Amino acid sequence: MKLGVQYRAAVALCALTLAAQIAQAADQVMLVLDASGSMWGRLDGRSKMDIAKQALKDLLADWPADREVGLVVYGHSSKGDCNDIETVVPVGPLDATTLGQRVDGLVPKGMTPLSAAVKQAAEALKFTERKATVVLLSDGKETCDLDPCALGAELEKLGVDFTAHVIGFDVAKLEDQKGLRCLAQATGGRFIAAADAAELNQALNETAKVSQPVAPPPPRPAPPPLPMVELVAPDSALKGTLVKVEPKGEEGHTGYVYLFPKGRDRDLGFGGVKPAPMGGYRPVEIRLPAQPGPYVLKWIGDDKRVYTERPLAVVESDVRLSVPESATAGTLLKVGLEAPGGLDGYVYLYPKGRTQDLGFCGARPARTGGYQPCELRLPADPGDYDLKWLSGRKELLAQAALALVPAEAGLAVPESAVAGTLLRVGIRASEGLAGYVRLFAKGKDIVIVEARVYPDAVGGYKPVELRLPTQPGDFTLKWVSDRKEVLAESPLRIDGAEVSLEVPASAPKGTQIEVLPRGPDGLTGHVRLVSQGKDKAIEAAVIRQAKQGGYQPARLRLPAVPGDYRVLWAAENRAPLVDVPIRVTEAAIVIDAPERAPVGGELSVALKAPDGLDGRLCLFAQGKTPPVTCGLVREDRIAGYVPVRLKLPAQAGTLVLRWLSGRNEVLAERPLTVVEPDGGDPGR
């Protein structure tokens, strides 16, 4: 009886041991599904997302009962977010209903962080402790910061028996396949390109379901002896600083030097072991954490064995931020950094109790030792704030409280100003502020005009000048910080400008007229001559202020075509301030030349016309565009015009004399026959 009990107990113990071994050896597969925005693309009339959903459900319909499965999805929650990765179904025995419901609810939206998703899947499978298989289905290449090739090498290096199979769904370009293929090959997995639904189903079955027969492992060879190496480093170092670690000993070994908290297996930093050009190894630099305590430096070879290790104590250091207890809101704060050399990171400004910073500046070493002061533009809202010096790992190195008091800021402007003039705005405020003075229509948020605020060398601020719009009405001037916070504001009424143009009612074509602008000082713009019913300027002149006040006369050259025109005073934004009509009349313009002239001779042509014309007198062959020769038209000092001398061509023929304006308009023309010296017919 006693033997029977002992027998049954032994059998039960063996059964429990066998069950534990079977459970431990059970295959686990994590599916990683691409739900990025590109999955809206269509194949054979269906979206790639719908094809992938159906393929997954077909795959799981006859999923092996002894294989656990999970699902990681990326790109399904938000746009432009490289952290949009979710383990929607943790690995475990298949619950087809739950997994199918989660798959049906996916909507493609965002980026393709495929590398980070594969890493999350591997970690969920505890790939550093046991066999793990990940199957990635993606329709494109990595669009976030990680490198699939580097990730594959890292997972292969750290994993016990890790494999990543990759299915490139509708990834036709070899360049886009490159990262996907490299990830699979680096882990001993397969890359399969699937062009349609049928190929996708086949690829999923070949990667997710096929289980390689487990052959009994061959006896492991005895590991080689550990190399005779050591790590030379200080016994202690200050928190946050860079520590120099020198690998010493036998040459020819590689790997990495890692920093671990004592008793932990997750490293806080590492550096590669590389040979030095003259022999030995190059020093390795590792950034220490901000938390004091006991740590361990380990040299881990490429074969994942710990070659050597040594303790390192990270000790507290005197790290401080030198700032006043209070400062004026909106000003530029200079932050002193007092700490041992070798720290990194940034100084951030936070509203008290908040986690979203309002600005930061970098911790940079000074040439003479210590650190350069860093400058932060303070917000315009008074209140309590915190300054925090965070390391590159976002660990807190030091912090200081800061109270912001209201700034005294004001704009010195009149109650009203004339439309179109230049407004001078005085700035009255505490020193150290910045930003822009902007003009808005009352109740609107669209900037009409703005000017930068600059400090004056003798103290205070330089006045700001703004060109006012031409439309009268109620407006608001606002001094706005670089963060668009309102530091000060003032109302402004803009009154219409009383302006006029003295223009002759009519003038002969081609002549130059004088236009006299009249209006309040400070206006600008152009005097423009336009055709009736048109906006394009034929001629324009800049409005210029006269030294003794008022405006200088503007001169406009009239066109050669008679008719009705308009003279406008247009502001800088081309808005018309005043519009005056003018009639261009025909002019008595005569080209006084003989009907015939000998070839090769010189022709003197008299010009009779109203004063004020310009241009050239040109000789053209009949029906031809380029002139044969031209002479400049010049007014005589006493009256009329200086005769124009033209060199006639050496070939007889019928030509045309044309008086062209400065804009190449024809003011007058007449024929000229060039004949042989005997006076014969030029056509013979």
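Residues numbered from 1 in each chain as written. Predicted model: local features only at pLDDT ≥ 70, side-chain atom pairs only at ≥ 80, totals over all residues. Heavy atoms only, no water.

Things to note about the confidence of the model for the protein chain
In the predicted model, the protein chain carries a mean pLDDT of 89, and the fraction of residues at 70 or more is 94%. Long-range and interchain partners of residues 1-25, a stretch whose pLDDT sits below 50, account for two contacts in this model, where long-range means more than four residues apart. (pLDDT = per-residue confidence, 0-100. Contact = heavy atoms within 4.5 Å.)

Quick notes on the sheet that holds strand E38 (residues 554-557)
Spatial strand order, E33-E35-E38: three strands in an open sheet with antiparallel pairing. Strand pairing shows two members of the sheet lacking a second neighbour, strand E33 (500-502) and E38, which therefore form its edges. Along the sheet, successive strands turn relative to each other by an average axial angle of 35°, direction set aside. (Pairing = 2+ DSSP bridges. Helix = DSSP H or I, 4+ residues; strand = E, 2+ residues; numbered from the N terminus. Axes fitted to C-alpha atoms, helices over the stretch in contact; angles between N-to-C directions.)

Thoughts on helix H2 (residues 48-61)
Spanning 14 residues, H2 covers 20 Å between terminal C-alpha atoms, matching the ideal 20 Å at 1.5 Å per step. The set of residues buried in H2 consists of Lys-48, Met-49, Ile-51, Ala-52, Lys-53, Ala-55, Leu-56, Leu-59 and Leu-60. (Expected span 1.5 Å × (residues − 1). Buried < 20%, exposed > 50% of the residue type's maximum accessible area, 1.4 Å probe, protein only.)

Here we look at the environment of Val-633
On the secondary structure map, Val-633 appears in the loop between strand E45 (629-632) and strand E46 (644-647). Excluding residues that lie within four positions of it along the chain, Val-633 makes contacts with Leu-607, Asp-614, Gly-615, Arg-616, Leu-617, Tyr-641 and Trp-659.

Details of helix H5 (residues 148-158)
Buried within H5 are the following residues: Pro-148, Leu-151, Gly-152 and Leu-155. One side of H5 holds all its buried residues, which, seen down the axis, span an arc of 100°. Contacts from the buried residues of H5 go to helix H4 (114-124), strand E7 (161-169) and helix H6 (174-186). The N-capping residue of H5, defined by a side-chain oxygen 3.1 Å from the backbone nitrogen of Cys-149, is Asp-147. (Arc of directions from axis to C-beta. Polar contact = N/O pair within 3.5 Å; in protein donor to acceptor, adjacent residues only side chain to side chain.)

Some details on the nonpolar core
With 32 residues, the main nonpolar core has Leu-31, Leu-33, Leu-71, Phe-169, Leu-200 and Leu-204 as its most contacted residues. At seven residues, H2 tops the list of elements feeding residues into this core. Beyond its immediate sequence surroundings of up to four residues, Leu-31 is in contact with Leu-56, Leu-59, Val-69, Gly-70, Leu-71, Val-72, Val-135 and Ala-208. Core analysis: the next-biggest nonpolar cluster, separate from the first, contains 27 residues, Ala-593, Tyr-641, Ala-668 and Leu-672 among them. (Core = buried A, V, L, I, M, F, W, Y, C linked by side-chain atoms within 4.5 Å.)

Quick notes on unusual backbone geometry
Unlike most non-glycine residues, Lys-126 shows phi in positive territory, near 55°. One can find Lys-126 in the loop between H4 and strand E6 (131-138). Not every positive phi belongs to a glycine, and Lys-304 is a case in point at roughly 70°. Structurally, Lys-304 can be placed in the loop between strand E15 (293-300) and strand E16 (306-315). Residue Lys-304 is classed as partly exposed on the basis of its relative accessible area of 37%.

Focus on the sheet that holds strand E42 (residues 596-598)
Read across the sheet, five strands follow the order E42-E48-E47-E44-E45 without closing on themselves; strand pairing throughout is mixed. Looking along the sheet, the strands with just one partner apiece sit at the ends: E42 and E45. Adjacent strand axes in the sheet meet at a mean angle of 30° when their direction is disregarded. One ladder, built from four bridges, connects strand E44 (residues 616-621) with E45; its direction is antiparallel. From the neighbouring strand, Leu-619 faces E45, where its bridge partner is Thr-629.

A short note on the environment of His-253
Along the chain, the position of His-253 falls in the loop between strand E11 (242-249) and strand E12 (256-261). Measuring from C-alpha to C-alpha, the distance between His-253 and Asp-302 comes to 8.7 Å, with 49 residues separating the pair along the chain. Not counting chain neighbours up to four residues away, the residues in contact with His-253 comprise Pro-227, Val-229, Val-273, Tyr-281, Trp-299 and Tyr-307. Reaching out from His-253, the side chain makes a polar contact with the side chain of Glu-250 at a distance of 3.2 Å.

Some thoughts on the packing of H2 against helix H3 (residues 96-104)
For the pair H2 and H3, interaxial distance at closest approach is 10 Å and the crossing angle is 175°. Of the possible angle classes, the one that applies to H2 and H3 is roughly antiparallel. On H3, the residues that touch Lys-53, Leu-56, Lys-57 and Leu-60 of H2 are Leu-99, Gly-100, Val-103 and Asp-104. For the contact of H2 with H3, the class distribution of residues is four nonpolar, one polar and three charged. (Parallel < 35°, antiparallel > 145°, perpendicular 65-115°, else oblique. Nonpolar A, V, L, I, M, F, W, Y, C, P; charged D, E, K, R; others polar.)

Description of the packing of aromatic side chains
A full pass over the atoms with the stated rule returns 15 aromatic pairs. Relative to Trp-299, the ring of Tyr-281 has its centre 5.4 Å away and its plane inclined at 80°; by these criteria the two rings are edge-to-face. A residue pair is termed long-range when its members are at least 10 positions apart, and Tyr-281 in the loop between strand E13 (269-272) and strand E14 (284-287) and Trp-299 in strand E15 qualify at 18 residues. Residue Tyr-281 is classed as buried on the basis of its relative accessible area, which comes to 10%. For the pair Tyr-461 and Trp-479, a centre-to-centre distance of 5.6 Å together with 75° between the ring planes defines the contact as edge-to-face. (Phe/Tyr/Trp six-rings, centres within 6.5 Å; stacked < 30°, edge-to-face > 60°.)

As for the side chain of Ser-661
Secondary-structure assignment places Ser-661 in the loop between strand E47 (653-660) and strand E48 (666-675). Judged by relative accessible area, Ser-661 falls into the buried class, the value being 4%. Those residues in contact with Ser-661 that sit more than four places away from it in its chain are Asp-614, Gly-615 and Leu-667.

Let's talk about the packing of H4 against H5
Two numbers describe a pair of packed helices, the interaxial angle and the distance between the axes. Closest axis-to-axis distance for the H4/H5 pair is 9 Å, and the angle between their directions is 15°. When the axis of H4 is compared with that of H5, the two are roughly parallel. Like other packed secondary-structure pairs, H4 and H5 cross with a definite hand, here right-handed. In this structure, H4 uses Leu-114, Ser-115, Val-118, Lys-119 and Ala-122 to contact H5, whose residues at the interface are Pro-148, Leu-151, Glu-154 and Leu-155. Among the residues making up the contact of H4 with H5, the classes are represented as six nonpolar, one polar and two charged. (Left-handed = near helix turned anticlockwise from the far one by under 90°.)

Some remarks on the side chain of Ser-391
Note that Ser-391 resides in the loop between strand E23 (383-390) and strand E24 (396-405). If we skip the residues at most four places from it in the chain, Ser-391 touches Asp-344, Gly-345 and Leu-397.

Details of the pattern of salt bridges
Taken as a whole, this structure holds 30 salt bridges when the rule is applied. Across the pair Asp-564 and Arg-583 runs a salt bridge, and its minimum N-O distance is 2.8 Å. With Asp-564 in strand E39 (residues 563-570) and Arg-583 in strand E40 (residues 576-585), this pair connects stretches of sequence that are 19 residues apart. Exposure remark for Asp-564: the relative accessible area of 39% places this residue in the partly exposed category. Among the charged side chains, a network of salt bridges with common partners joins Lys-48, Asp-139 and Asp-170. (Salt bridge = Lys/Arg side-chain N within 4 Å of Asp/Glu carboxyl O.)

Observations regarding the state of the cysteines
For the structure on display, the rule yields four disulfides. Here Cys-149 connects covalently by a disulfide to Cys-182, the sulfurs 1.8 Å from one another. When the S-S torsion is 130°, as for the bridge of Cys-149 with Cys-182, the disulfide is right-handed. In this pair, Cys-149 is assigned in helix H5 and Cys-182 in helix H6, connecting sequence segments 33 residues apart. (Disulfide = S-S within 2.5 Å.)

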